[in-house]
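The residues making up each chain are set out below.
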Amino acid sequence: MLNMHRSEPNILITGTPGVGKSMMSSMLSQRTGLEWLDVSKIAIENECLEEYDEEYQCSVLDERKLLNSMKGPMSEGGKIVDYHSADFFPERWIDIVFVLRTDNTILYDRLKDRGYCGRKLEDNIDCEIFQIILEEAREYYREEIVHELTNNTPDQMMDNVNRVCQWLEQWKIDNQQTYAPDRAILISESFPVARSPLRITNEFRDSWIPSCSKFPLAFSTRETSNNVKRHLGTLHHGDQA
């Protein structure tokens, strides 16, 4: 059951590393005023990392410690959660789930650029090919709150941001809340994409590949062990989740 005492919803942005979760979460936070929670950064700041895995070149996440550190903020509501796994958080924490998807060829180039190689690269690509995270989300959450978004280009990114903003506006209406004037968004009849007066600038296009997340997550595949699914990458500054 959802926590209807929250004055603002919690949104989960998930998907394979490299699909653009961090950039989209950052843009949504700026548009809506909701707080962006970069889970990998929170894990590092709260020392929720265990041993280092040499094969996958990343640390292992202490899940219980991380969840305990997030319990308070999540109960407040108004959070945009940026994480690579869909079945990690208590279901009651999340009001809606957006699973970002990216073409395999595009994703391969992005991950190569951030230094992924060998088994780590292969597992992430396989994760996207077999839509592991999307299936996890559909199994773990109620079907009606899970939405798949294609995220290959800056234009698609803007459409996706608009769609989430439209959902948030409707949530406010359904829960008898209203936006402040500076957050007002026009609702289009052509749901799921709501157009907005924002424009895609050359600066935004140029920054599409570099990421705003400093602590990229590694991978999540159904074929791997639970330990492997808990890995948290700490590779390069400027990567995106």
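The protein chain goes by Adenylate kinase isoenzyme 6 homolog in an unreviewed UniProt entry, where it is assigned to Temnothorax longispinosus. Among the UniProt annotations of the protein chain, the heading Sequence similarities (unreviewed entry) holds the following wording: "Belongs to the adenylate kinase family. AK6 subfamily." Under the UniProt heading Subunit (unreviewed entry), the note attached to the protein chain is "Monomer and homodimer. Interacts with small ribosomal subunit protein uS11. Not a structural component of 43S pre-ribosomes, but transiently interacts with them by binding to uS11."

Novice: Tell me about helix 1 (residues 21–32), and please be specific about residues and values.
Specialist: Taking 1.5 Å as the rise per residue, helix 1 with 12 residues should run 16 Å; its terminal C-alpha atoms sit 16 Å apart, in good agreement. Among the 12 residues that make up helix 1, 11 are buried, leaving the element largely enclosed by the rest of the structure. Every buried residue belonging to helix 1 is among Lys-21, Ser-22, Met-23, Met-24, Ser-25, Ser-26, Met-27, Leu-28, Ser-29, Arg-31 and Thr-32, and all of these are buried. Just past helix 1, the residue Gly-33 takes up positive phi, approximately 85 degrees.

Novice: Kindly report on the pairing of strand 5 (residues 79–82), identifying the contributing residues and their values.
Specialist: Every second residue of strand 5 is oriented toward a common face, with Lys-79 and Val-81 on one face and Ile-80 and Asp-82 on the other, all of them buried. With three bridges joining them, strand 1 (residues 11–14) and strand 5 adopt parallel strand pairing. Across the sheet, Leu-12 pairs through a bridge with Val-81, a residue of strand 5. Two elements, strand 2 (residues 35–38) and strand 5, share four bridges in a ladder whose sense is parallel. Paired with Asp-38 across the two strands is Asp-82, which belongs to strand 5.

Novice: Residues and numbers for the UniProt feature "binding site: ATP" (unreviewed entry) in the protein chain, please.
Specialist: The UniProt record marks Gly-18, Gly-20, Lys-21, Ser-22 and Arg-114 with the feature "binding site: ATP" (unreviewed entry), using the residue numbering of this structure. Checked against the element boundaries, Lys-21 lands in helix 1. Within the element layout of this structure, Arg-114 appears in the loop between helix 4 (104–113) and helix 5 (118–129). On the basis of relative accessible area, Arg-114 is assigned to the buried category, the value being 4%.

Novice: Which residues make up the sheet that holds strand 1, and what are the values?
Specialist: Strand order in the open sheet made by the five strands is 2-5-1-6-7, with parallel pairing throughout. Of all the strands in the sheet, just strand 2 and strand 7 (146–150) have a single pairing partner and so form its edges. Adjacent strand axes in the sheet meet at a mean angle of 20 degrees, parallel and antiparallel pairs treated alike. Bridge analysis of strand 6 (residues 96–101) against strand 7 gives five bridges, and the strand direction is parallel. Of the residues in strand 7, the one forming a bridge with Leu-100 is Leu-149. Of the strands in this sheet, strand 1, strand 2, strand 5, strand 6 and strand 7 are in contact with helix 1, which crosses strand 5 at around 170 degrees.

Novice: So what's going on with the confidence of the model for the protein chain? Residues and values would help.
Specialist: Averaged over all residues, the pLDDT of the protein chain equals 78, while 71% of them reach at least 70. Confidence drops under pLDDT 50 across residues 178–240; counting only partners more than four residues distant or on other chains, this segment forms 177 contacts.

Novice: Can you lay out the packing of helix 4 against helix 5 for me, pointing to particular residues and giving the numbers?
Specialist: Running from amino to carboxyl end, helix 4 crosses helix 5 at an angle of 155 degrees, the nearest separation of the two axes being 10 Å. As summarised for this structure, helix 4 and helix 5 are arranged roughly antiparallel, according to the angle between their axes. Where helix 4 crosses over helix 5, the two elements pack in a sense that is right-handed. Contact residues: Asn-104, Leu-107, Tyr-108, Leu-111 and Lys-112 in helix 4; Leu-121, Asn-124, Ile-125, Glu-128 and Ile-129 in helix 5. Across the contact of helix 4 with helix 5, the residue classes tally to six nonpolar, two polar and two charged.

Novice: Help me get a handle on the environment of Glu-169, residues and values and all.
Specialist: Within the secondary structure, Glu-169 is located in helix 7 (residues 154–174). Counting along the chain gives 137 residues from Glu-169 to Thr-32, while the straight-line C-alpha distance between them is 9.6 Å.

Novice: Can you tell me about the side chain of Asn-10, naming the residues and giving the values?
Specialist: Looking at the element boundaries, Asn-10 is found in the segment before strand 1. Side-chain polar atoms of Asn-10 contact the backbone nitrogen of Gly-78, separated by 3.3 Å. Ignoring anything within four residues of it in the chain, the contact list for Asn-10 reads Met-74, Gly-77, Gly-78, Lys-79, Trp-93, Ile-94, Asp-95 and Ile-96.

The rules we used
Residues numbered from 1 in each chain as written. Predicted model: local features only at pLDDT ≥ 70, side-chain atom pairs only at ≥ 80, totals over all residues. Heavy atoms only, no water. UniProt positions renumbered as here; feature names shortened; annotations may be inferred. Helix = DSSP H or I, 4+ residues; strand = E, 2+ residues; numbered from the N terminus. Expected span 1.5 Å × (residues − 1). Buried < 20%, exposed > 50% of the residue type's maximum accessible area, 1.4 Å probe, protein only. Pairing = 2+ DSSP bridges. Axes fitted to C-alpha atoms, helices over the stretch in contact; angles between N-to-C directions. Contact = heavy atoms within 4.5 Å. pLDDT = per-residue confidence, 0-100. Parallel < 35°, antiparallel > 145°, perpendicular 65-115°, else oblique. Left-handed = near helix turned anticlockwise from the far one by under 90°. Nonpolar A, V, L, I, M, F, W, Y, C, P; charged D, E, K, R; others polar. Polar contact = N/O pair within 3.5 Å; in protein donor to acceptor, adjacent residues only side chain to side chain.

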